[in-house]
Amino acid sequence: MDIWGWTLAIVAAFAVGLAKGGLSMVGVIAVPLMALVMSPVQAAGILLPVYVASDIGGLVAFRRDFDRRVLATLLPGAVAGIGLGWATAHLVEERHVALIVGIIGLAFALNALLRPRAAAQARPPRLGAGTFWGLVSGYTSFVSHSGAPPYQVYAQPLRMEPLTFAGTTTIFFAICNAVKLVPYALLGQLSAHNLTVAAVLMVPGVAGVACGLWLIRRMSAGFFYGFITWALALVSARLIWSAL
């Protein structure tokens, strides 16, 4: 990669770290950024080890701040979604997946912004809804590391405390990323070159985790949910634009 490519890659890795530090929606921009200078498939392969390394920092930071019930409703569907992504890896175009994810995320964000009172009403975790959105999140996470918008559609209405929300999100995607390592390796996306680049990018990734933690611990619940709703809207619009 040239200087421009490395610059985008470092920014993308830092965004991954921010996501693992609690600002979950920020990480969705990582693959699109790197896709400006390489194929999205290669970008996803390079970034997966960065996600895993950043997950370790997030797991340590949020080891006490997570909701087991929410994870229990999401993870079975997520693992099935990853398996589905692996089985259909050669059949589905990434831009079609990005378009669907963008539409879902934008519709949810607009509903939350236009109907703030309804969005502020907390819902309990539900196995049926959790399994469905976990499946969608696991599938889109496998294809392009864009599992955050479907995850937010389920998790945001639960109105967890910001730290609990961040910790639950971090642990959920840490497990998803660990499961993805085997199929990614079998598909040839963890080549020696990709792993070498990923090793360099782990440094800004871990720095991003520390920065994300610093920010999340200083946000009020109202500001936090407002931030992730607007971030979801912007990221979803970007995914739709890229797909079209």
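- Identification of the protein as Probable membrane transporter protein from Paracoccus yeei is taken from an unreviewed UniProt entry.
- Per UniProt, the comment on the protein under Sequence similarities (unreviewed entry) is "Belongs to the 4-toluene sulfonate uptake permease (TSUP) (TC 2.A.102) family."
- For the record of the protein, the UniProt heading Subcellular location (unreviewed entry) holds the text "Cell membrane".

Quick look at the packing of helix H7 (residues 127–144) against helix H8 (residues 148–155)
Relative placement of two packed helices is described by the angle separating their axes and the distance separating the axes.
Here is step 1 of the chain: Contact pair H7 / H8: the axes reach a minimum separation of 7 Å and the direction vectors enclose 165°. Taken together, the axes of H7 and H8 lie roughly antiparallel to each other. By crossing handedness, the relation of H7 to H8 is classed as left-handed. When H7 is examined against H8, the residues Ala129, Gly130, Trp133, Val136, Ser137 and Thr140 are found in contact with a partner set consisting of Pro150, Tyr151, Val153 and Tyr154.

Here we look at unusual backbone geometry
Here is step 1 of the chain: Located in the positive-phi region is Arg159, a residue other than glycine, with phi close to 55°.
Here is step 2 of the chain: Following the sequence through the fold, Arg159 ends up in the loop between H8 and helix H9 (162–186).

Here's the deal with helix H1 (residues 3–20)
Here is step 1 of the chain: Taking 1.5 Å per residue, 18 residues should reach 26 Å; H1 reaches 26 Å between its end C-alpha atoms and fits that length.
Here is step 2 of the chain: Buried within H1 we find Gly5, Leu8, Ala9, Ala12, Ala13, Ala15, Val16, Gly17, Leu18, Ala19 and Lys20.
Here is step 3 of the chain: Close packing links the buried residues of H1 with helix H2 (30–34), helix H3 (40–61), H9 and helix H10 (192–216).
Here is step 4 of the chain: Count one or two residues on from H1 and you reach Gly22, which has phi positive near 125°.

Quick word on the UniProt feature "transmembrane region" (unreviewed entry) in the protein
Here is step 1 of the chain: UniProt tags residues 70–89, 95–114, 126–143, 163–183, 195–216 and 222–241 as "transmembrane region" (unreviewed entry).
Here is step 2 of the chain: A helix fraction of 90% and a strand fraction of 0% characterise residues 70–89, whose end C-alpha atoms lie 28 Å from each other.
Here is step 3 of the chain: The span residues 195–216 is 100% helical and 0% strand by assignment, and the distance between its end C-alpha atoms comes to 30 Å.

Comments concerning the nonpolar core
Here is step 1 of the chain: Formed by 42 residues in total, the largest nonpolar core has its most connected members in Tyr151, Met160, Phe165, Phe172, Ile216 and Phe224.
Here is step 2 of the chain: Dropping the residues within four chain positions of it, Phe165 is found in contact with Ser24, Tyr151, Gln152, Ala155, Gln156, Met160, Phe224, Tyr225 and Ile228.
Here is step 3 of the chain: In this structure, Ala30, Met38, Tyr51 and Leu201 belong to the second largest nonpolar core, which totals 18 residues.

Describing empty space enclosed by the protein
Over the atoms a probe the size of a water molecule is rolled, and this reveals where empty space is left.
Here is step 1 of the chain: For the coordinates displayed, the defined rule picks out 1 cavity of 30 Å³ or more.
Here is step 2 of the chain: One number sums up the size of the largest cavity: a volume of about 160 Å³.
Here is step 3 of the chain: Forming the walls of the largest cavity are 16 residues, and the residues nearest its centre are Lys20, Ser24, Tyr51, Ala148 and Phe173.
Here is step 4 of the chain: If you tally residues by element for the lining of the largest cavity, the top one is H9, at 5 residues.
Here is step 5 of the chain: Considering only residue class, the lining of the largest cavity consists of 5 nonpolar, 9 polar and 2 charged.

Thresholds applied
- Residues numbered from 1 in each chain as written.
- Predicted model: local features only at pLDDT ≥ 70, side-chain atom pairs only at ≥ 80, totals over all residues.
- Heavy atoms only, no water.
- UniProt positions renumbered as here; feature names shortened; annotations may be inferred.
- Axes fitted to C-alpha atoms, helices over the stretch in contact; angles between N-to-C directions.
- Helix = DSSP H or I, 4+ residues; strand = E, 2+ residues; numbered from the N terminus.
- Parallel < 35°, antiparallel > 145°, perpendicular 65-115°, else oblique.
- Left-handed = near helix turned anticlockwise from the far one by under 90°.
- Contact = heavy atoms within 4.5 Å.
- Expected span 1.5 Å × (residues − 1).
- Buried < 20%, exposed > 50% of the residue type's maximum accessible area, 1.4 Å probe, protein only.
- Core = buried A, V, L, I, M, F, W, Y, C linked by side-chain atoms within 4.5 Å.
- 1 Å grid on protein atoms, 1.4 Å probe; cavity = no way out; pocket = protein on both sides within 12 Å on 5 of 7 lines; lining within 4 Å.
- Points joined across faces, edges and corners; volume = space filled by probe spheres on them.
- Nonpolar A, V, L, I, M, F, W, Y, C, P; charged D, E, K, R; others polar.

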